[in-house]
Each structure stands twice: as C-alpha cells, then as structure tokens.
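Per-entry structural report
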Amino acid sequence: MDRLLWRQQERSQRILVLSSYSRSLTNFRLELLKSMVRAGHVVVAAGPEDDPDVKSDLSKIGVEFARIPMARASLSPVRDIATFFQIRRLIKKIRPDVVVPYTMKPIVYGGIAARSAGVPRRCFLVTGLGHVFSDASLRTLKGRWIKRLCVWLYRLAMAGAKAVFVYNDADRSDIIENSLVHDVSVIHRVAGSGVDVDHYAFAPAPFEKPVFLMVTRLIKDKGVFEYVEAARRLKQHLPNAEFQLLGPFDPNPGAISRLQVQEWIEEGVVDYLGETNDVRPFLAKCNIFVLPSYYREGIPRSILEAMAVGRAIITTDLPGCRDTIEPGENGYLVMPRSADSLFSAMSPLADRLRLAAEMGRRSRELACTRFDVHSINETLIDRMGLSNHDHASRKAAGACGREARQADAINQQLDATGRVISWRG
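All values derive from a computational prediction rather than experimental measurement.

1. What to know about the overall build of the protein chain
Within the protein chain, the regular secondary structure consists of 16 helices and 13 strands. Sorting the 425 residues of the protein chain into buried and exposed places 54% on the buried side. For the protein chain, the proportion of contacts with a sequence separation of at least 24, taken over those separated by at least 6, is 72%. When the accessible surface of the protein chain is summed, it comes to about 18,700 Å², and 50% of that surface belongs to carbon and sulfur atoms.

Okay, structure coming up:
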C-alpha cells in the first residue's frame, strides 16, 4: 500500500485554475475540477469573490479555493496591475505544475504571471475572445486601439502555451490571424464547456400557453432589448403569452439598469425572475428558450442547459450561438440586432407548441451526443497531459445510455487514498 501511495503522489501534479467569477467554478467547471481530482492531482481554484457556497462545494470534491481580487469590467490599469501581482504571488506560493485560466482577464494576467514565474505548462480555455474582437467594437477608433492592446497582451500570455482550447471556428481563426500563438498545433476545438445531461434532465414541455425564457447577464450585447421589443409585438397577437427574463445585473459598461427593467415590468411586457443558482425549475416551466446575443460568445452555456432539458432554441446566426442549432430541427437562427428577425422566429413557435416540443426533443439528442460534459472533459484532461489512466474517471451514465456514475464512492476513494492535499503546507 505504501508503494502504491508513493506512486500516486509521484504522478500527481499541482493544478491552478483561474476564473474571473468565483461562482463559475461550480456552475461551469465543477465536472472538470472533479475530473482533475479523480485523475490524482492536487487542485486549487481561484476567483475574485469570497463566496462561502463556492468554497463549500469545492471543498466537498477535494478542491481548495483561493481568492484573487479582480474587477471583471474595470479598465483601470492600476487595478489590472494589482491583479497581475496577486496572481503571481499565488503562483509563487503554491508552485503549480499546470495553470488553467479561462475568460479574458485570467487568461491575460494569469498567463503572463504564470509565464514569468516559470510554470512549465499553461493551458488556456478560450470561452470567447471577448467583446473587443466583435465587429461592433471595431467600428470606433477607441475599439480598434483596445483590440491592438488586447492582441499584444494575449500574445504575451499565450507564448509557449501547452494547449489553447477554443469553442468555435471564429475564435480559432482570430487566434491564428492575429498570431496570438506561434504554433497552431496547440489550438484544439472542443464543443464548449459541455453540459451534464444527467443533472439537466429532460423535462416535458408544457402546452397550456407559450412561455418564452431568456437566461443571461443583463447587458445590452446579449440582445435583451431585441427580446423585449419582439415580446412587445408578439404580446399584441397572443396576450396570454409569457416572456420571462432571468439573470443577474452586471457591472459591465453596457449593463442594463434596474430602472429600465422595472419599466418593462410595469409595462407588462416581461416578467423579471431575478437570478438563481439553479435554472432547472425555470427551464422546466418554459417551452421555448431565446438568446439573441451578439456578444462574442464561445458556446453559451445557457443554451446547452436549455437543450439538455429539451427546449426549442432561438438564437443568433453568429459564432458560438450558431454551433448549437440545426436550423428547423431544434430551433431557429436569427439576424443579430434585429427585433424583426427575432419576432419572425418566435411567432410560429408560439402558435405551434407541438412543433416546439419536437424541436426540444432534438435539442436533447444533440446535448447528449455532441455536448456531453464528460466526453469534453476527457478530451481536455488528455490534451493538458493530465490523464492518469489508473485514476481516470468512468464515463457518466444516465438518460443518454452511459454507465452510471458513483459520485459518493469516488469521493470516498479520494479520501481513502489521501488525494485531498492542502497546498498551504
């Protein structure tokens, strides 16, 4: 037994995962973090908010949380420099073998800090290159200068990367065209962050009346105004139709104000549902999911969750969003920034809820076959060089016909073999 434990410790690596929003670690990366721990590694996950629920959930799977101050929406050089040094201090303290940042600021400042600290492997999850790479941003002189700065920072961060994961072809093309990496062979496309199709189980769509749901951070580029305008028009023809909006207010400069949302509520055009840690009950009560985003998306997680539950999808014909749709099969694609196009797609489904239900079943099939989180994580772990086959997790089973996971048994095994190791010592 002692020899076995020594061999396990020899193969284990220290991994630091960097986020710009602490709750995303449990909302979007929990299964990936579990996979890393099950492969026998010591994992630290870092984020800016000292969220006790996040810390508790991470602790349960053997992952330690570290706080790094970071202002997601700030353009202040002073704050960003402070973020860089905070990350570098954390790296020096825990001495990771691998750093895995995702979203723009963790990639830029975490990548540069890890490189300067001599971390041997840096693996980047490009969940979307950000608004600065969108067509709208490049229309202004300020936007073009910001993009030049970001390109330079991305190059510094990604130089010598072990792996760069992208969610769509547009991001891959931009990385190559802007020479963000020297060796294009390190770029790997995966089908987004994936979705746990067991957790987001299929739920039959209701047929009593059309209920549209949009789940998003409340910023303009997500297409909220277009959604409200389309709802306003459709409400004239179908007064009993419901148009729901779910998601948090955001510090982004393009954020929608509470006053604006209150005006929509008083007008009776939308129902604002606030924000939640569990979107499943809301998805179960709707029959059509809408995300008319023209933000520079990777692959929107909210769409994947709606697909897994079995909902028809309406979204924009833009990179990331379009990757989730087989037009006419599981939903419709609409023109960005066009309330007219959105209205034209919402109207036929509002009148034909049986069709919406059929599209929802196709969405569920696609979620299981194309966007299953366990298959995606297996690819990530392998490309990062973190696969320890003796510890590799079995594929999850469930509604899609895979073998059933035994989460409690796995956690007990982790405890038994001493894999929950504190980096502080």
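Moving on from the model shown.
2. Considering the packing of helix H3 (residues 30–38) against helix H15 (residues 373–383)
Where H3 contacts H15, the two axes come as close as 10 Å, and the packing angle between them is 50°. Considering their axes alone, H3 and H15 lie oblique with respect to each other. Where H3 crosses over H15, the two elements pack in a sense that is right-handed. Where H3 approaches H15, its residues Glu31, Leu32, Ser35 and Met36 are matched on the opposing element by Val373, His374, Asn377, Leu380 and Ile381. The residue makeup of the contact of H3 with H15, split by class, is 5 nonpolar, 3 polar and 1 charged.

3. Some words on the sheet that holds strand E4 (residues 98–101)
By way of backbone hydrogen bonds, the strands of a sheet pair with one another, either parallel or antiparallel. Spatially, the 7 strands line up as an open sheet ordered E3-E2-E1-E4-E5-E6-E7, and their pairing is parallel. The two strands at the open ends of the sheet, each matched to only one other strand, are strand E3 (63–67) and strand E7 (187–189). Geometrically, the sheet is characterised by an average inter-axis angle of 20° between neighbouring strands, direction not taken into account. Pairing of strand E1 (residues 14–18) with strand E2 (residues 42–47), which is carried by 5 bridges, proceeds in the parallel orientation. Paired with Ile15 across the two strands is Val43, which belongs to E2. Along the sheet, helix H5 (residues 77–94) contacts E1, E2, E3 and E4; its crossing angle with E1, the most-contacted strand, is approximately 165°.

4. So, the sheet that holds strand E9 (residues 242–246)
Within the open sheet, the 6 strands sit side by side as E10-E9-E8-E11-E12-E13. Their pairing is parallel. Each having just a single partner strand, strand E10 (271–272) and strand E13 (331–334) make up the two edges of the open sheet. Examined bridge by bridge, strand E11 (residues 288–291) and strand E12 (residues 312–316) share 4 bridges and lie parallel to one another. Across the sheet, residue Phe289 finds its bridge partner in E12, namely Ile313. Where helix H9 (residues 224–237) meets the sheet, it contacts strand E8 (211–215), E9 and E11, and its direction lies at approximately 165° from that of E9.

5. Description of the pairing of E2
The element E2 is largely enclosed, with a buried count of 6 among its 6 residues. The alternating pattern of E2 places Val42, Val44 and Ala46 on one face and Val43, Ala45 and Gly47 on the opposite face, and all of these are buried. One ladder, built from 5 bridges, connects E2 with E3; its direction is parallel. Residue pairing in the sheet places Val44 in a bridge with Glu64 of E3. Handedness of the crossover is the feature at issue here: the chain leaves E2, passes through helix H4 (residues 52–60), returns alongside E3, and the resulting connection is right-handed.

6. Side note on the side chain of Thr83
Tracing the backbone through its elements, the reader meets Thr83 in helix H5. With relative accessibility at 3%, the residue Thr83 sits in the buried group. When residues no more than four places from it in sequence are discounted, the contact partners of Thr83 are Pro69 and Met70.

7. Comments concerning the environment of Arg296
Topologically, Arg296 is positioned in the loop between E11 and helix H12 (301–309). Sequence spacing of Arg296 and Ser134 is 162 residues, and the spatial spacing of their C-alpha atoms is 5.9 Å. When sequence neighbours within four positions are dropped, the list of residues in contact with Arg296 reads Gly128, Leu129, Gly130, His131, Phe133, Ser134, Ala170, Asp171 and Asp174.

8. Some points on the pattern of salt bridges
Pairing is possible between side chains that carry opposite charge, provided their charged atoms lie close to one another. In this structure the tally under the stated criterion is 20 salt bridges. We note a salt bridge from Arg232 to Glu267, for which the minimum N-O separation is 2.6 Å. Pair noted here: Arg232 is in helix H9 and Glu267 is in helix H10 (residues 258–267), with a separation of 35 residues, a long-range link. What makes Arg232 partly exposed here is its relative accessible area of 26%. Through salt bridges that share partners, Glu229, Arg232, Arg233, Glu267 and Asp340 make up one connected network.

Here is what the cut-offs are and how they apply
- Residues numbered from 1 in each chain as written.
- Predicted model: local features only at pLDDT ≥ 70, side-chain atom pairs only at ≥ 80, totals over all residues.
- Heavy atoms only, no water.
- Helix = DSSP H or I, 4+ residues; strand = E, 2+ residues; numbered from the N terminus.
- Buried < 20%, exposed > 50% of the residue type's maximum accessible area, 1.4 Å probe, protein only.
- Contact = heavy atoms within 4.5 Å.
- Areas by Shrake-Rupley, 256 points an atom, 1.4 Å probe, with all protein chains shown as cover.
- Axes fitted to C-alpha atoms, helices over the stretch in contact; angles between N-to-C directions.
- Parallel < 35°, antiparallel > 145°, perpendicular 65-115°, else oblique.
- Left-handed = near helix turned anticlockwise from the far one by under 90°.
- Nonpolar A, V, L, I, M, F, W, Y, C, P; charged D, E, K, R; others polar.
- Pairing = 2+ DSSP bridges.
- Right-handed = clockwise from strand over helix to strand, strands pointing away.
- Salt bridge = Lys/Arg side-chain N within 4 Å of Asp/Glu carboxyl O.

The values are spatial; any link to function lies outside them.
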